[in-house]
Structures are given as structure tokens and as C-alpha cells.
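Fold and contact review
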Amino acid sequence: MATAEARLFTAGLPSADEWPSWFYQDLTGDLQGPFDAQTMIRWYQEHQLPLDLKCAGINPQDKGTVPTNYSKFQRLQTLMDNAEAGLQYMPLRVTKGTTGQGPVAPMKGSSRGPPGPPVNQPLPQQPGSISAALAQQLAAAGGPAAAAAAGQLSPDSRPDITSALDQRTAASM
């Protein structure tokens, strides 16, 4: 049986040609993507995607079209909760610079919570890499996160940088 992240990022569809292209709004508010489902699954499994990250899968019929309206993007935590509950993700349709979502199965017995806190630092673009701004912020924080940012820890012993950022974000609010 497929994992919840595989069901989410592939929209439960069997063929890679049918899978959505994924975009996310990075920690500075800029759009990043498109990324294929396999990349998103790997990043999720490697804990490189914060659960407050707002993201959306775009219908493959709209390949090459970039969303300009992020209002239909959802927090990764919400998307994962839905996938774990067995709800199938419905990729967004993007036409002429607008973003619209197709039908979605209602969430039974729960309601969607408010969006997460605003985030303010760029996310890694590739597994194991971080932006210069993020490296500077982690270096200023010191400790294991700073060592990881400087590449002084091996990938196997590198701490979860997302946790360090979550703690810094929570402390700054």
C-alpha cells in the first residue's frame, strides 16, 4: 500500500503522466516550482518541507502554466492529514494566471484550521542544500544547526534543520 505522502503527491493516480506538478510558496512568499511528485515525496521523507509550507499540485493538463494566485494553496499539514484520512487530492486547475480547485471530498467531522504563521526564510531547492540566507541565520543561532549549515556534519548525523527553524520562528512571534 502506498504511503500517505505518495498518495498525496501523486494524487493517487497510477501513471507519472497523470501526476500533478507541485509548487510551494517559500518562506519569503515567493513561488517555487514546478517540482515532480517524486522530488516532493523525497523531500517530505527527508523532513525538508515544513508542515506549515503552503503548496499545491497543478493538474497535468495545465503543464507549463504558473499559478499567480496562491489563495488555494494549502498547508502541507492539512494536505497530509487529508491523505492520511484517505481523501484523494484534487490538483488545481490553472488558466490564464488564475488558480481554481476542482471538487474536493469534504472532511468529515473536522474543519480546516487557520493558515500557519507567516514564514520568512527560503527553503532548500535541492535535497541537502540550503540558501545562503538560511545558512547565515543558522550560523548566527550556533549549535548543531550551525554546524549542519556549514556542512560540518555528515548527512547521516545532520540534525533536522526544519525543527531548528520552527523553534526560531516560534520564538520570534
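See the structure printed just above.
Residues numbered from 1 in each chain as written. Predicted model: local features only at pLDDT ≥ 70, side-chain atom pairs only at ≥ 80, totals over all residues. Heavy atoms only, no water.

1. Comments concerning the overall build of the protein chain
- Across its full length, the protein chain carries 6 helices and 6 strands.
- Order of helices (α) and strands (β) in the protein chain, N terminus to C terminus: α-β-β-α-β-β-α-β-β-α-α-α.
- Taking all 173 residues of the protein chain together, 37% fall into the buried category.
- Entry remark: accessible area of the protein chain is about 9500 Å², with carbon and sulfur atoms responsible for 52%. (Helix = DSSP H or I, 4+ residues; strand = E, 2+ residues; numbered from the N terminus. Buried < 20%, exposed > 50% of the residue type's maximum accessible area, 1.4 Å probe, protein only. Areas by Shrake-Rupley, 256 points an atom, 1.4 Å probe, with all protein chains shown as cover.)

2. Section: the pairing of strand 3 (residues 54-58)
- Most of strand 3 sits out of view: 4 of its 5 residues are buried.
- Direction of pairing for strand 1 (residues 21-25) relative to strand 3: antiparallel, over a ladder of 5 bridges. Bridging from a neighbouring strand, Phe-23 pairs with Ala-56 of strand 3. (Pairing = 2+ DSSP bridges.)

3. Observations concerning the environment of Gly-29
- Mapping Gly-29 onto the fold places it in the loop between strand 1 and strand 2 (31-35).
- For Gly-29, a relative accessible area of 29% puts it in the partly exposed group.
- Sequence separation between Gly-29 and Tyr-70 is 41 residues; the distance between their C-alpha atoms is 9.7 Å.

4. What about helix 3 (residues 76-84)?
- Within the span of helix 3, buried status applies to Leu-76, Thr-78, Leu-79, Met-80, Asn-82 and Ala-83.
- Of the surrounding secondary structure, the elements contacted by the buried residues of helix 3 are helix 1 (4-9), strand 1, helix 2 (37-45), strand 3 and strand 4 (74-75).
- Positive backbone phi, at 90°, marks Gly-86, one or two positions downstream of helix 3. (Contact = heavy atoms within 4.5 Å.)

5. So, the pairing of strand 2
- Here strand 1 pairs with strand 2 via 3 bridges, running antiparallel. Bridged to Gln-25 within strand 2 is Leu-31.
- Following strand 1, the chain reverses through 5 residues before pairing antiparallel with strand 2; Gly-29 in that reversal takes a positive phi of roughly 95°.

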